[in-house]
Amino acid sequence: MMCRNCMVAAGVLPCVRIWSDKCSSKYGRRRPFILAGSLLISVAVTIIGFSADIGYLLGDADEDHRNFKGT
């Protein structure tokens, strides 16, 4: 999993750097990307928090998965 994350970051980060270097926003070159990234992360964390409810709304039932009995 971590290897996949590193491979995605190695492909995405240079593209974002190039786009931000070419950005000529009145807010600067980096701020629009920081704001967009922050908003996307906030939405993703909210979705993760409600993932059980979203799964239930999409048709996931209790008998479809095993009960975890960890320590």
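Quick caveat, the model's predicted, so the values are computed rather than measured.

Reading guide: rules and limits
- Residues numbered from 1 in each chain as written.
- Predicted model: local features only at pLDDT ≥ 70, side-chain atom pairs only at ≥ 80, totals over all residues.
- Heavy atoms only, no water.
- Helix = DSSP H or I, 4+ residues; strand = E, 2+ residues; numbered from the N terminus.
- Buried < 20%, exposed > 50% of the residue type's maximum accessible area, 1.4 Å probe, protein only.
- Areas by Shrake-Rupley, 256 points an atom, 1.4 Å probe, with all protein chains shown as cover.
- pLDDT = per-residue confidence, 0-100.

## Regarding the overall build of the protein chain
Broken down by element type, the protein chain carries three helices and zero strands. From first element to last, N terminus to C terminus, the protein chain shows the α and β order α-α-α. Relative to its full complement of 71 residues, the protein chain shows a buried share of 3%. Surface exposure of the protein chain reaches about 6,900 Å², of which carbon and sulfur atoms provide 66%.

## As for the confidence of the model for the protein chain
Model confidence for the protein chain is summarised by a mean pLDDT of 82, while 82% of its residues fall at 70 or above. Confidence scores differ between elements of the protein chain, with helix H3 (residues 51–57) showing the lowest mean pLDDT of 81 and helix H2 (residues 31–49) the highest of 91.

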